[in-house]
Amino acid sequence: MSVVLAVANQKGGVGKTTTAVNLGACLADSGQRVLLVDVDPQANATTGLGIDASNANSVYEVLVNGVALEEIVVETAQSGLWLAPSSNDLAGAEVELVPVAKRESRLQDAVRSVKSRYDIVIIDAPPSLGLLTVNALTAADAVIVPVQCEYLALEGLGRLLHTIDLVRRNLNPALRIQGLVLTMYDARTNLCRQVAEEVRSHFPNTFETVIPRSVRISEAPSYGLPILAYDRSCRAGKAYQALAGELLSALQKVSA
């Protein structure tokens, strides 16, 4: 099994990077060889894994200058998890790529060259629907969509689904939505329960596992660690481990 998953949502603050980092770490902890590709110019996945984004060769070099992806990949503290770092330079990549031929498939070509070395490649897309996100969707076999449990988070889903449909029709016919992940869930509030019910009613492929609000998971990136290394026994740590197990089961059914 070798699969490329894009973690995408154009709304910021919904747990997108948190999900990409911690899902990747939990998959690696379960024995998978995982590559996390940080395509977000904010580089939060990079710094959240303890890598200095200002010093690392980054995905910018791959997309703009044609450097091989394997040349920028670095090890992380989590065994089985590798990272293709981001940098702030990526913020200008969308403009620089405008005149480039096949600009939407630059990342796809780069990922194809290393895909066989990993069981799972996770792409952390930026919180936008621009060219970097289109590159992530074009390179992916499937999309995971984190959805914060509040009504405002639902409003942008339609635009994201429209973009996914456009990419499927024009660039990547095999692209599928692997599932939606409910994040920042607080069972004490009626609002969270109502939003979760509404999401599940409209999207049957929503994962059963729900990621709770957690101070511990907010603290972990400041130490450059995924939640497994910071506090694997906290509720959010256990939730991401459960999500990784659920995802692996789903992927095995697809490949069977």
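First, a word on what this report is: a plain description of the structure on this page. (Residues numbered from 1 in each chain as written. Predicted model: local features only at pLDDT ≥ 70, side-chain atom pairs only at ≥ 80, totals over all residues. Heavy atoms only, no water.)

This brings us to the pairing of strand β2 (residues 34-38). Taking burial as the measure, the five residues of β2 include five buried ones, the bulk of the element. Here β2 shows two buried faces, one formed by Val34, Leu36 and Asp38 and the other by Leu35 and Val37. The pairing of β2 with strand β4 (residues 81-84) spans four bridges and is classified as parallel. Its bridge partner lying in β4, Leu35 is registered against Trp82. (Buried < 20%, exposed > 50% of the residue type's maximum accessible area, 1.4 Å probe, protein only. Helix = DSSP H or I, 4+ residues; strand = E, 2+ residues; numbered from the N terminus. Pairing = 2+ DSSP bridges.)

Helix length check: helix α9 (residues 190-202) (13 residues) gives 19 Å between terminal C-alpha atoms against 18 Å at 1.5 Å per residue, within 8%. Of the residues making up α9, those classed as buried are Cys192, Val195, Ala196 and Val199. Buried residues of α9, seen end-on, are gathered within an arc of 100 degrees and therefore sit on one face of the element. Along α9, exposed side chains directed more than 90 degrees from the buried face belong to Glu197 and Ser201. Lining the buried residues of α9 we find β6 (142-148), α7 (151-155) and β7 (176-185). (Expected span 1.5 Å × (residues − 1). Arc of directions from axis to C-beta. Contact = heavy atoms within 4.5 Å.)

A separate point is the sheet that holds β6. Strands sit in the order β3-β4-β2-β5-β1-β6-β7-β8 across an open sheet of eight strands; the sheet is mixed. Edge positions in the sheet fall to β3 (74-75) and β8 (210-212), since each has one partner strand and no second. Running at roughly 175 degrees to β7, α9 makes contact with β6, β7 and β8 of the sheet. Across the sheet, helix α12 (residues 235-255) lies against β1 (3-7), β5 (120-124), β6, β7 and β8, angled at about 165 degrees from β8, the strand it touches most. (Axes fitted to C-alpha atoms, helices over the stretch in contact; angles between N-to-C directions.)

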